[in-house]
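# Summary of the model geometry
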Amino acid sequence: YGGMGLDFSYNIAVAEELGNIRCGGIPMAIGVQAGMATPALTRFGSHELKKQFLVPTIAGDFVACLGISEAGAGSDVANIKTTAVRKGDEYVINGGKMWITSGTQADWMCLLANTSEGPPHRNKSLICLPMNLPGIHVARKIDKLGMRSSDTAQIFFEDVRVPCKNLIGEEGKGFTYQMLQFQEERLWGVASGLTALETIIQETIDYTRQREVFGQPVLHNQTVHFRLAELATEVELLRSLLHRAVALYVEGKDVTKLASMAKLKAGRLTREVTDSCLQFWGGMGFTNEVLVSRLYRDFRLMSIGGGTDETMLSIICKYMEILPRK
């Protein structure tokens, strides 16, 4: 379908290299296209759907977005309210989605919607939804704290009709398909932050070496250079966890626990690195003229998007069997 036929480890190599881009929004937008909105279509979609949606997306002719979150259901995916009711050979879609990356410019959406009245984990389906259909309303581009070079939209659906053949895989399997997509999304997110964190640490070393306070470079204070060494060590530990999870994933293993651990650690470490380094920049760090202040804003999303830190902790606890069974 136009791709290179490589395994998932190559996606992660690309994600790490994209960390050289001096913002978070562009790597994130590319990640949505390559590793968040398309894995389920690639794995479970029909040949016809892949020709219609996957081929132009891989070629860069289509922009894809992922329609999961709603105003009342972010990390709580099972609680989404958007419906797709089968009428003849069409689904009629009503509801809305919130915080949709690339939503203002997308050509199609990988939409998660309720297609039956059954249990919340078995009543959902993924649907390829062209974004030019009547009844789709892009309400607004959201004004965000960070990731400002990536557009994020609120979108409403009013009696939107889409052919039933646009269903990805089997009806009722959408929640399961999306949980699989989340693993690739979370691993991609971790990988895309590693190089940027290394860049922030190195630029902080360079700046504190030349910035003098009380007659000596800031870097010469043991508190500063010990802290930077500690942060660099944490980044390497995160990279090792990521690469272990990716290697197992390529082997076909379930890496839900490791991917959740990596996502949790990445969310917390990006906050820790950017906050600590910004402090060493002093007043300059509080301006919009340096990378550390931009990534301080951009990377705050890491603990929220694709599943909050708290959601990751819940998943890890489940796999460790340390919570009482319901």
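Residues numbered from 1 in each chain as written. Predicted model: local features only at pLDDT ≥ 70, side-chain atom pairs only at ≥ 80, totals over all residues. Heavy atoms only, no water.

### A closer look at the overall build of the protein chain
Within the protein chain one finds nine helices and ten strands. Taken over the C-alpha trace, the protein chain has a radius of gyration of 21 Å; the compact-globule value for 326 residues is 20 Å, and the two agree within 12%. Across the 326 residues of the protein chain, 51% fall into the buried class. Excluding contacts between residues fewer than 6 apart, the proportion of contacts in the protein chain whose partners are at least 24 apart in sequence is 75%. (Helix = DSSP H or I, 4+ residues; strand = E, 2+ residues; numbered from the N terminus. Rg over C-alpha atoms; globule rule 2.2 N^0.38 Å. Buried < 20%, exposed > 50% of the residue type's maximum accessible area, 1.4 Å probe, protein only. Contact = heavy atoms within 4.5 Å.)

### Details of the domain arrangement of the protein chain
Segmenting the protein chain into domains produces domain 1 (37-170) and domain 2 (176-320). Across the contact, 19 residues belong to domain 1 and 16 residues belong to domain 2. Of the roughly 1400 Å² buried between domain 1 and domain 2 on both sides combined, carbon and sulfur atoms contribute 63%. Counting the surface domain 1 buries against domain 2, the share from its top three residues, Arg-43, Ser-75 and Met-147, is 34%. Here domain 1 is connected to domain 2 by one salt bridge. Among the salt bridges present, the one from Glu-184 reaches Arg-43, with a minimum N-O distance of 3.5 Å. Between the two partners, domain 1 and domain 2, sit eight residue pairs in polar contact (both at pLDDT 80 or more). (Domains from an automatic or database assignment. Buried area = accessible area lost by both parts, 1.4 Å probe. Salt bridge = Lys/Arg side-chain N within 4 Å of Asp/Glu carboxyl O. Polar contact = N/O pair within 3.5 Å; in protein donor to acceptor, adjacent residues only side chain to side chain.)

### Some words on the packing of helix 5 (residues 174-210) against helix 6 (residues 222-250)
Interaxial distance between helix 5 and helix 6 falls to 10 Å at its minimum, and their mutual angle equals 155°. Relative to helix 6, the element helix 5 lies roughly antiparallel. Relative to helix 6, helix 5 is oriented so that their crossing is left-handed. The residues of helix 6 that touch helix 5, namely those facing Leu-180, Glu-184, Leu-187, Val-190, Ala-191, Leu-194, Leu-197, Glu-198, Ile-201, Thr-204, Ile-205 and Thr-208, are Leu-228, Leu-231, Ala-232, Val-235, Glu-236, Leu-238, Arg-239, Leu-242, Ala-245, Val-246 and Tyr-249. Among the residues making up the contact of helix 5 with helix 6, the classes are represented as 17 nonpolar, two polar and four charged. (Axes fitted to C-alpha atoms, helices over the stretch in contact; angles between N-to-C directions. Parallel < 35°, antiparallel > 145°, perpendicular 65-115°, else oblique. Left-handed = near helix turned anticlockwise from the far one by under 90°. Nonpolar A, V, L, I, M, F, W, Y, C, P; charged D, E, K, R; others polar.)

### Quick word on the UniProt feature "domain: Acyl-CoA dehydrogenase/oxidase C-terminal" (unreviewed entry) in the protein chain
UniProt records the feature "domain: Acyl-CoA dehydrogenase/oxidase C-terminal" (unreviewed entry) for residues 172-318 in the present numbering. The straight-line gap between the two end C-alpha atoms of residues 172-318 is 23 Å; of that span, 74% is helix and 3% is strand. (UniProt positions renumbered as here; feature names shortened; annotations may be inferred.)

### Examining the UniProt feature "domain: Acyl-CoA dehydrogenase/oxidase N-terminal" (unreviewed entry) in the protein chain
Within this structure's numbering, the places UniProt gives as "domain: Acyl-CoA dehydrogenase/oxidase N-terminal" (unreviewed entry) are residues 1-61. Segment residues 1-61 splits into 69% helix and 0% strand. End C-alpha atoms: 13 Å apart.

### Considerations on the packing of helix 1 (residues 8-18) against helix 6
With their axes 9 Å apart at the nearest point, helix 1 and helix 6 run at an angle of 155° to one another. The orientation of helix 1 with respect to helix 6, classified from their angle, is roughly antiparallel. Together, Phe-8, Ser-9, Ile-12 and Glu-16 of helix 1 and Arg-239, Leu-242, His-243, Val-246, Tyr-249 and Val-250 of helix 6 make up the contact between the two elements. Here the residues of the contact of helix 1 with helix 6 sort into six nonpolar, two polar and two charged.

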